[in-house]
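Spelled out, the chains give:
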Amino acid sequence: MSFKPLKIGKYTIKHPIVQGGMGLGISWDGLAGNVSLEGGLGVISSVGTGYYEDNRYSAKDINTRPLNSENFYSAKGLKAVIDNARKISGDNPLAVNILYASNDYERIARDACAAGIDIIITGAGLPTNMPEFTENYPDVALVPIVSSAKALKIICKRWTKRYNRLPDAIVVEGPKSGGHQGFTYEQCFQDEYQLENLIKPIKEEMKNWGDFPLIAAGGIWDHDDIVKMIELGADGVQMGTRFIGTHECDAHDSFKEVILASTEDTIKLLKSPVGYPARGIRTNLIELVEKREGPAVKCISNCVAPCHRGVEAKAVGYCIADRLSDAFLGKKESGLFFTGANGYKLNEIISVKELINKLINGENS
Ligand SMILES: Cc1cc2nc3c(=O)[nH]c(=O)nc-3n(C[C@H](O)[C@H](O)[C@H](O)COP(=O)(O)O)c2cc1C
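Predicted, not measured: the structure shown is a model, and the values here were computed from it.

Each value, and the rule that gives it
- Residues numbered from 1 in each chain as written.
- Predicted model: local features only at pLDDT ≥ 70, side-chain atom pairs only at ≥ 80, totals over all residues.
- Heavy atoms only, no water.
- Near = heavy atom within 4 Å.
- Polar contact = N/O pair within 3.5 Å; in protein donor to acceptor, adjacent residues only side chain to side chain.
- Areas by Shrake-Rupley, 256 points an atom, 1.4 Å probe, with all protein chains shown as cover.
- Nonpolar A, V, L, I, M, F, W, Y, C, P; charged D, E, K, R; others polar.
- Domains from an automatic or database assignment.
- Contact = heavy atoms within 4.5 Å.
- Buried area = accessible area lost by both parts, 1.4 Å probe.
- Salt bridge = Lys/Arg side-chain N within 4 Å of Asp/Glu carboxyl O.
- Pairing = 2+ DSSP bridges.
- Helix = DSSP H or I, 4+ residues; strand = E, 2+ residues; numbered from the N terminus.
- Phe/Tyr/Trp six-rings, centres within 6.5 Å; stacked < 30°, edge-to-face > 60°.
- Buried < 20%, exposed > 50% of the residue type's maximum accessible area, 1.4 Å probe, protein only.
- Core = buried A, V, L, I, M, F, W, Y, C linked by side-chain atoms within 4.5 Å.
- 1 Å grid on protein atoms, 1.4 Å probe; cavity = no way out; pocket = protein on both sides within 12 Å on 5 of 7 lines; lining within 4 Å.
- Points joined across faces, edges and corners; volume = space filled by probe spheres on them.
- Axes fitted to C-alpha atoms, helices over the stretch in contact; angles between N-to-C directions.
- Left-handed = near helix turned anticlockwise from the far one by under 90°.

Around the ligand sit 21 residues in total, of which Glu173, Gly219, Gln238, Gly240 and Thr241 are the nearest. Between glycine 219 and the ligand, the recorded distance is 2.8 Å, taken from a backbone N or O atom to an oxygen atom. Within the complex, the protein chains bury 95% of what would otherwise be the 610 Å² of accessible surface of the ligand. By residue class, the composition of the shell around the ligand is six nonpolar, 13 polar and two charged.

Structure representation (structure tokens):
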């Protein structure tokens, strides 16, 4: 099957493949810039840009962690990532992923627009007021991530009523994805919430609103999986984990090693202070956390609203900002390593160009 380009707002993506935003520091300029260069849509993660090496401005505390949300989601760091990604991608469209649960969501969305981003993708919450923050940038395409027809209905209803606007595309994410899930732990295992069963009811709901593309995500691994999603009615796919297996992926080599060494049995749904289950690798850290022997929770960076300034982190036993940043820094003992359910399938590191070629033309091409 040959794939059609994906239209998101005024932008045309040559191949209907979106590289999912991955925090912390997994999809920055290197990965996103190269995916866009090769004709997919590169998505920059806005999480923890205070850790970006080109960002020398954010205030850090004695542990060298960005202090409070204004430094954790550093405007200068985000601009540096976007500028450097653009140097790679040229004029091809480029997106940013912003978690709705982020403290400072509004400010980060405005920062991304000011830095010249083309598309904003938002999940981890229902972004009912997303258009408000991009009002001065009408060309910026808005893409919410949804996991149910109900969520889509709420967004379309509010957006049409308040802003006379519809999403420019939606990402439908099923429970095999990496990181945070839009489901309860139990739902993640039930048939009706699997990606292949979410697409039809969501497409039905879309008919009530208008014509915008549906991008399927969660557990998509190869060319055949993409064909399957398109046959089910998707216009494109979003893939995260497989892109970790590229030279250009911004993750630390140790991060890639942890994913390469993972097995089906070590990939689990973990509790998270964000309030949703999160898929990652059950490392030594998780065992320590369960025994209440993990690193101290200090809430230096004040990252996500649902954590209530460390209250949930203390209840769950770890700080998500500190653990994800340790994974970014390559600290295997104290880092938290997110992956999708298929992470154990990763067995090589190749270039973004080779990967896109395999996805478009089949594994043996
Ligand atoms: C390491 C990692 C970090 C992620 N971080 C984010 C994030 O910050 N925001 C987000 O919306 N999704 C995040 N995701 C989800 C991906 O963007 C993507 O939608 C998902 O992983 C797709 O499933 P797949 O990994 O099976 O392809 C993350 C996934 C991984 C593996």
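On to the domain arrangement of the protein, then. Taken domain by domain, the protein holds domain 1 (6-251 + 345-361) and domain 2 (256-328). A straight line from the C-alpha centre of domain 1 to that of domain 2 covers 21 Å. Contacts between domain 1 and domain 2 engage 39 residues on the former and 27 residues on the latter. Summing both partners gives a buried area of about 2700 Å² for domain 1 against domain 2, and 60% of it is carried by carbon and sulfur. Of all residues in domain 1, Arg65, Asn103 and His180 bury the most surface against domain 2, accounting for 22% of the area lost on that side. Inspection of the region where domain 1 meets domain 2 yields two salt bridges. Taking the shortest distance from any N to any O, the salt bridge between aspartate 326 and arginine 65 comes out at 3.0 Å. Put simply, domain 1 and domain 2 have 19 residue pairs in polar contact (both at pLDDT 80 or more) between them.

Strand order in the open sheet made by the three strands is E9-E13-E12, with antiparallel pairing throughout. The sheet is open, and its two edges are formed by strand E9 (179-180) and strand E12 (267-270), each paired on a single side. Inspection of the sheet shows E9 paired to strand E13 (residues 278-281) by two bridges, in the antiparallel sense. Counted as the bridge partner of glycine 179 is arginine 279 from E13.

This brings us to the packing of aromatic side chains. Counted under the stated rule, the structure contains ten aromatic pairs. Seen in terms of ring centroids, tyrosine 105 and phenylalanine 133 are 6.0 Å apart; in terms of plane orientation they differ by 65°. Their pairing is edge-to-face. Of this pair, tyrosine 105 sits in helix H4 (residues 105-114) while phenylalanine 133 sits in the loop between strand E6 (119-122) and strand E7 (141-146), and the two are 28 residues apart along the sequence. The buried category is assigned to tyrosine 105, whose relative accessible area is 6%.

In this section: the nonpolar core. The biggest cluster of nonpolar side chains holds 101 residues, and the ones touching the most others in it are Ile44, Ile120, Ile170, Ile202, Leu214, Phe243 and Leu336. Each of domain 1 (6-251 + 345-361) and domain 2 (256-328) gives at least three residues to this core. Other than its neighbours up to four places away in sequence, phenylalanine 243 contacts Ile17, Gln19, Met22, Leu31, Val35, Cys249, Leu355, Ile356 and Leu359.

Alternating residues of strand E4 (residues 42-45) divide into Gly42 and Ile44 and Val43 and Ser45, and every residue in both groups is buried. With four bridges joining them, E4 and strand E5 (residues 94-97) adopt parallel strand pairing. Residue pairing across strands places isoleucine 44 opposite valine 96, the latter belonging to E5.

Over the atoms rolls a probe the size of a water molecule, and in doing so it shows where empty space is left. Tallied over the entire structure, the rule returns one cavity of 30 Å³ or more. Counted as a void, the largest cavity has a volume near 50 Å³. Lining the largest cavity are Val297, Cys299, Asn302, Cys303, Val304, Cys307, Arg309, Gly310, Ala313 and Cys319. Across the lining of the largest cavity, the residue classes break down as seven nonpolar, two polar and one charged.

Running from amino to carboxyl end, helix H3 (residues 75-89) crosses H4 at an angle of 35°, the nearest separation of the two axes being 10 Å. As H3 runs across H4, the sense of the crossing is right-handed. Within the contact between the two elements, H3 uses Ala75, Leu78 and Ile82 and H4 uses Arg107, Ile108, Asp111 and Ala112. Grouping the constituent residues of the contact of H3 with H4 by class yields five nonpolar, no polar and two charged.

Let's shift gears to the side chain of asparagine 103. Looking at where asparagine 103 falls in the secondary structure, it is placed in the loop between E5 and H4. Separated by 3.0 Å, the side chain of asparagine 103 and the backbone oxygen of asparagine 302 make a polar contact. Once residues within four sequence positions are removed from consideration, asparagine 103 is found in contact with Ser69, Tyr73, Ile108, Asn302, Cys303, Val304 and Ala305.

Taken together, the buried positions of H4 are Tyr105, Ile108, Ala109, Asp111, Ala112 and Cys113. Tucked into the core, H4 has its buried residues touching H3, E5 and E6. Of the residues one or two after H4, glycine 116 is the one with positive phi, at around 90°.

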